[in-house]
Structures are given as C-alpha cells and as structure tokens.
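# An overview of the molecular structure
Residue-level listing of the chains:
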Protein chains: 2
Amino acid sequence: MKQVRILLTSVGVETGPNVINALKKSSDFTPYIIGTDNDPLAAGLYLCDEKVIAPRIDTPDYMSHLMQVCHTYRVDIIIPLLSKEMPFFASASQLLKEKAGIKIAISDPKTIQLCADKNLFVKFLIDHNIPAPRAFDEQDIKETDFPLFVKPITGSSSRYAIRVNSLADLEYIKRIAGPLSIQELLTGPEYTVDTLCDLEGTLVTAVIRERLEVKDGKAVKGRTVKDDDLIQLIKNLVSYVKIIGPSNIQCIKNQGIYTFFEINTRFSAGGLPLTVVAGVNLPALLVKIHLGMEIHPEELLYRENVYMSRYLTEVFPQPVRNLL
Amino acid sequence: MKQVRILLTSVGVETGPNVINALKKSSDFTPYIIGTDNDPLAAGLYLCDEKVIAPRIDTPDYMSHLMQVCHTYRVDIIIPLLSKEMPFFASASQLLKEKAGIKIAISDPKTIQLCADKNLFVKFLIDHNIPAPRAFDEQDIKETDFPLFVKPITGSSSRYAIRVNSLADLEYIKRIAGPLSIQELLTGPEYTVDTLCDLEGTLVTAVIRERLEVKDGKAVKGRTVKDDDLIQLIKNLVSYVKIIGPSNIQCIKNQGIYTFFEINTRFSAGGLPLTVVAGVNLPALLVKIHLGMEIHPEELLYRENVYMSRYLTEVFPQPVRNLL
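Now for a description of the structure that goes with this document. Numbers given to residues run from 1 along each chain, matching the order in which its sequence is written. Here every chain gets a letter starting at A, and every ligand a number starting at 1, in the order they are written. Given that the model is predicted, a residue must reach a pLDDT of at least 70 before its local features are reported, and side-chain atom pairs must reach 80 or more before they are shown or counted; all residues, however, enter totals for whole chains, interfaces and linings. Note: side-chain values were computed over all heavy atoms of the structure, leaving out hydrogens and water.

### Focus on the packing of aromatic side chains
Definition in use: When the centres of two rings from Phe, Tyr and Trp lie within 6.5 Å, Trp using its six-membered ring, the rings pair. Their planes under 30 degrees apart give stacked, over 60 give edge-to-face, and anything left gives tilted. We count a stretch as a helix when DSSP gives it H or I for four or more residues in a row; a strand needs E for two or more, and each element gets its number in order from the N terminus. Exposure classes here rest on a 1.4 Å probe applied to the protein chains alone. A residue is buried below 20% of its type maximum, exposed above 50%, and partly exposed in between. A positively charged side chain is recorded as over a ring if its NZ (Lys) or CZ (Arg) lies within 6 Å of the ring centre. The angle to the ring normal must also be within 35 degrees.
Counted by the stated rule, this structure contains nine aromatic pairs over all chains. Ring geometry for Y172 of chain A against Y172 of chain B: centres 4.0 Å apart, planes inclined by 20°, an arrangement best described as stacked. Placement of the pair is Y172 of chain A in helix α6 (residues 167-177) and Y172 of chain B in helix α6 (residues 167-177), with the two residues belonging to separate chains. Where Y62 of chain B meets F89 of chain B, the ring centres are 6.5 Å apart and the plane angle is 85°; that geometry is what we call edge-to-face. Of the two residues, Y62 of chain B sits in helix α2 (residues 62-72) while F89 of chain B sits in helix α3 (residues 86-100), which places them 27 residues apart along the sequence. Overall, the relative accessible area of 2% leaves Y62 of chain B in the buried class. By the ring-pair criterion, three or more aromatic residues cluster together here, those being Y62, F88 and F89 of chain A. Taking NZ or CZ as reference, K226 of chain A lies 4.9 Å from the ring centre of Y302 of chain A, over its face.

Laid out in structure tokens, this is it:
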C-alpha cells in the first residue's frame, strides 16, 4: 500500500488524536504521521510516528522550521489542526506547493479571516439570506433585550462564549474577555456538520451530528442524524464562503429553523470520531483527494443514529527534548 | 483468582473510567464491575461488565433502587464516585453493611460535610495550624485586597473557581455562582496527593502529583514527585480530618510553603491513572483492604518523574434502556 507522509501541526490540540486515529484507519494508504507541537507534553505527539517540538506559529523562525521539518521527513501533505495557524497556512500554501511540492487543502486568507471573526461571519450570513442570530450593537442594547449570547470576536474553544442576563453582566464579560460579538440567544437542538470540500471548493460530503452534551465547546456526547434539507443548506453555505478542505459548521435549530453561527475551517475537536465510525473517514478522504485516488460513493455515506460518548484517556510520555 | 463484585455509582463522572481501568489491572483478584448512572449515554457505563440506569441520588426511591441492584448483582463492595453522593453513602454505610453485608469505605457524615464546605474546611485547617489560604469576609473586602480567589462554597469541578480582580467582578461572580468562599490568591506549583486510608483511618499510602496543566479542575498533564515532608503533612491532615477510604488532597506551594485548600473524599478525576502507572493501584488496594488481603510493601511505592498527558477517547454505545 502506498505510504503517505503527513505532517500534522499543533497535534496537541483536541483535534490531534481524532485526526491521527482516523488516518490510521485508512485501508487505501499507509500513513506515516509526523506531529509537531510547542509543548513537549502534548498527548497527540505520542500517537504519531515522529514527534517534533515546534516554535510557536507567531515566531519569525516558524517558516524556516517548517521547511526543515518538511525536508527532513519528506512530507507529502500538511494538515494544520489549530484555528490560530490557519491564516499562516492560507498565506503560505502556494509557496509550500511550489517550493517543496507539499499539498495543503486550505481556503484562501479572506475566507479564513471571515470565519475567524464572529461579527463579520454573522453579517455575511445575513447578506446571503442564511438564517443567523440577530447581532446587537453594544450601544443600542437595553435591559429588556436580555438574555443575550456573547462570545469574543475572535475567540475559540467557547472560552467566554456564554449567556448574559443583564447590562451589568455584559460589562463584566467585556472587561475580562475583550471585544465581544453580541447575539440573540438561540435555543433548540444543536448540530455540528463535519464537511469536506475538494480543492476546487465543491462539497464532497457532509455528516450531521446532534450535540447531546457539550463541554468547553466540544461535543462529548452526540449522535448522527440525517436531514437532506440541512445538507442542501450546507452545500450552499460552503460554496458562498468558498471553503476548501475540511471544516465544521455549527447551527442551532431555533424555533424550527436551522440558524448558523460558526464555521471552523478545520477538522472538529469534538465529534470527528463519531463521523468516522458512522462511515465517513474525512481525514482519509482528504488524503485521497490530495493523491488523486478514486473515491467510491459508499465512502461518502454514513449511518444514522450512531451514538458516541467521550472520556479521558492518557499517554505516559518520556517528554521529547528535540527542537528540530 | 477470587472474583469481587464491585458496584461503582455515577460511573459517568470523569473518575469512572479511571477507577474501572485501575481495577481491571489488579493481579490479585478478578473484578466484576457493575456501573450505575442516571444518563444512558454515560461513557463509563460501557466500560463496565454490567450497566444499570439509576435514579438520581436525591430521589426518594434511590435507596430501594440501590438495594435491588446490590441484590440482583450480588454486590460485595460499593465505591461511590461522585462528590454529591458522599453524604448519602456516609449515612447509609452502616445500614448497607448490616442489612446486605456490603462493604463501603467512607468517612463519617461530619467529615464529608467538612470537606464539602470550602469555608468550613479552610477554617478547620487554620484551627489545626495547617497552612491555608487566608479567608475573607465579604463585607471587609477593600479594592486594595485584590486579586483574590473565589469558589462556590459547595462547588465542584472548579466551576466558577476563579481569580477576581475587583469588587465589581466579585459582585458579578456572586450573582451567577451563589455564595462564595473568598480566599487569598495562592501562586506556585500545584499538587494533588492521591491518598488511601484504611477502615480505621490510618494512611496506607499517598502519591504526590504535580499538576502541570489543569482543564476544568482536572489535571490533564502531570508528573509524579516525591517529598517526605509533604507526605508527613498529609499523614497529619488525614488523621485530623478523619478520612476513611480514598481521597485526593490539593495544595499549592505558595512562597515555598505547602498551603492546603481542598480535600475531595473520593478518587481523583484527573490524575489517578498516573498514580496507578507510577506504581500504586489505589482502587485495587482499596478492594484488597476490604477483603483483608495481604498488602506487600512494594505495592505502596511509586516511581518519581513519571509523566502523563490526557486526551479524549470515545465509546460508541447502543444506549441502555433498563431502569432496574
């Protein structure tokens, strides 16, 4: 079987083990996984074939470090895992392809920026007639508008993404969390749609998961559901936003209407293992697309009502000391 | 090998998989594990030999449900996992022993109450000359006293256990979190000591873990350390508090002084797997104590500088529907 050398960056994030385990399940290629992280104790490192301690993405030597890793380990494909890394890779993807022949499926920098800014994104949805939470300007908010939902404009992991009940509470959250996106409070079942688009931005497949329990922004209990209407909405959405590669899209069925509020332009941190077990190995499909391998229709189909519950497990590493 | 029928209650909490996996590693008995939880999707249920959906601990039929489970599955030993359940089991332990011959190592109700109330506990430490964070009365606090540390008086999982920087912030936290224990902000390396006391309350063994990264009150990265002075302090502390069975004790080395702030009268939710891998299988030792089995000195010793990093894994259950 063909060996594919895959670099996963920031493999210490929650997405890391999800993607590693999915790639290892492929029956069409043999992955050789190189993982990098800034933290020598990142659990994900110890699930990879090679582990490399990396400088932070915002340091000037990151690019030269990356090139060195790619060269040393003869990397074929990079899959960035951390939201914060996406702007770098969106800008660098052309160069990496031309200079080093490395494949990386990522949207263009404008799309990445749009998805990272919660205010911009909600405005974009409204401009495209896609149901979105009503957005509030802080100076217009009256005590009678509460409860509302706020999140940091460029936050992640649902840090400080919470319901607020009064102007006084809003004041407090702003003080500790910085600039906020202030939105209507949506209520109803919550869904994440794991999606994969090809290198031209066409939706390859999408799997809908209901989030049955959420901890720290990650679904820890969930089940797969099917809904052709939602898939059609997703198809339109990813084409408007111009997504390339993996993403996960979040919505709440608020008063019967799928109301979208977030796209993460990466594999999901919570429920990806459920999507894989239900039948669709998105990380493996991404690799196959990169390699131009044939994809069979049944690889794109999933079973409904598959349930997943997550819990913590562990590795006991001898911490890595290298800094390539 | 002797089979021991062990009931773990609320096996869906983070502690569940830790205790289950530790029991399964015993080489001195064969555990047959019955798990109960209120949530049919609790991951821990699916790691047990038998899974039972239980009513909530605060419902009137809990006791009759429990007796029925114990009878049906011929339970030898109960290990309660959830903090909220401890008052019930502390009160019921004598009855369970007499009526059904079931063993359960738990402190008496007064001790459980002391450990559950953060204000009471800090006052107790001070009364016994054990270094503890300075406690503040809300009405005496001045703007110059900040930063301070607050936590709900009877909270768990570190929900709303946070640093506060001003009177306005304190006001907000009180509004959303209810009555607070307001304490000096401790800074320094943080330790959890996993302990086991025998049925007479004598410390059997203790393992010190440094918490290298904490998420939601649980250590997700840690390492074992050794310090005879700390062990001596722990020995005194558990005897003053009159701990029976498992506990985990938290302290911060604040300006070079071990400063204690919490005892949880149960196995730990974060680092127990590290303690087990480092050499001390506390859940198995607890069972051996119950059974009167001989404990060898080397079972009480652990290796220093063993590292652990945790990440999420998953089960894909067909949700249980029984309600015994």
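### Examining the interface of chain B and chain A
Rules: Residues count as neighbours in contact if any of their non-hydrogen atoms are within 4.5 Å of one another. The term buried area refers to how much accessible surface (probe radius 1.4 Å) is lost by two components on association, counted for both of them together. Salt bridge, as used here: a side-chain nitrogen of Lys or Arg that lies within 4 Å of a carboxyl oxygen of Asp or Glu. The residue classification treats Ala, Val, Leu, Ile, Met, Phe, Trp, Tyr, Cys and Pro as nonpolar and Asp, Glu, Lys and Arg as charged. All others, Gly included, are polar. Two strands are said to pair when DSSP picks up at least two bridges between them.
Listed per partner, the contact involves 36 residues of chain B and 36 residues of chain A. When the two sides are added together, the surface that chain B and chain A hide from each other amounts to roughly 3,400 Å², 61% of it contributed by carbon and sulfur. The interface formed by chain B and chain A holds eight salt bridges in total. Listing elements by their share of the side of chain B that touches chain A, those giving two or more residues are α6, β9 (203-215), β10 (218-225), α8 (272-277) and β13 (307-315) of chain B. It is β13 of chain B that provides the largest number of residues to the side of chain B that touches chain A, a total of nine residues. Considering only residue class, the side of chain B that touches chain A consists of 22 nonpolar, three polar and eleven charged. Of the strand pairs in this sheet, strand β13 (residues 307-315) of chain A and β13 of chain B are connected by seven bridges, and their pairing is antiparallel. Considered in β13 of chain B, the bridge of V315 of chain A is made with S309 of chain B.

### Comments concerning helix α9 (residues 282-291) of chain A
Residues and elements named next belong to chain A. Quick reminder of the rule: Between N or O atoms, a polar contact is any pair within 3.5 Å; within protein, one atom must be a potential hydrogen donor and the other a potential acceptor, and residues adjacent in sequence are included only when both atoms are from side chains.
For α9, the tally of buried residues reaches nine of ten residues, placing the bulk of the element in the interior. Residues of α9 that are buried: L282, P283, A284, L285, L286, V287, K288, I289 and H290. The N-capping residue of α9, defined by a side-chain oxygen 3.1 Å from the backbone nitrogen of A284, is N281. The first or second residue beyond α9 is G292, which carries a positive phi of 70°.

### Comments concerning the sheet that holds strand β2 (residues 30-37) of chain A
Residues and elements named next belong to chain A. For clarity, the cut-off: Every angle, taken between N-to-C directions, lies between 0 and 180 degrees, and every axis is a line fitted to C-alpha atoms, over only the stretch in contact when it is a helix.
Strand order in the open sheet formed by four strands is β3-β2-β1-β4, with parallel pairing between adjacent strands. Strands with a single pairing partner mark the edges of an open sheet, and in this sheet they are β3 (50-53) and β4 (77-80). Strand-to-strand twist of the sheet, defined as the mean angle between neighbouring strand axes without regard to direction, takes the value 25°. Two strands pair when backbone bridges link them, and strand β1 (residues 3-9) and β2 are joined in this way by six bridges, in the parallel orientation. Note on β2: the bridge partner recorded for L8 is G35. Contacts between helix α2 (residues 62-72) and the sheet are confined to β1, β2, β3 and β4, with β1 contributing the most and set at about 160° to the helix.

### Some words on the sheet that holds strand β5 (residues 148-152) of chain A
Residues and elements named next belong to chain A. With antiparallel pairing, three strands are arranged side by side in an open sheet as β6-β5-β7. At either margin of the open sheet sits one strand with a lone partner, and together these are β6 (162-164) and β7 (180-184). Averaged over neighbouring strand pairs, the angle between their axes works out to 35° when direction is ignored. Here β5 pairs with β6 via three bridges, running antiparallel. The residue of β6 that forms the bridge with L148 is V164. In the packing of helix α5 (residues 118-127) onto the sheet, the strands contacted are β5 and β7, and the crossing angle to β7 comes to about 40°.

### Here we look at the relation of the copies chain B and chain A
Filter applied, for reference: When the copies are superposed, the least-squares fit draws on C-alpha atoms of residues that have pLDDT of at least 70 in both.
With an RMSD of 0.0 Å, the fit of chain B onto chain A corresponds to turning through 180° and sliding 0.0 Å along the axis. Considering both components of the superposition, the chain copies are consistent with a two-fold axis. Taking C-alpha positions as the reference, the residue of chain B nearest the rotation axis is L312 of chain B, at 2.2 Å. Same-surface contact between copies: 100% of interface residues of chain B are shared with the interface of chain A.

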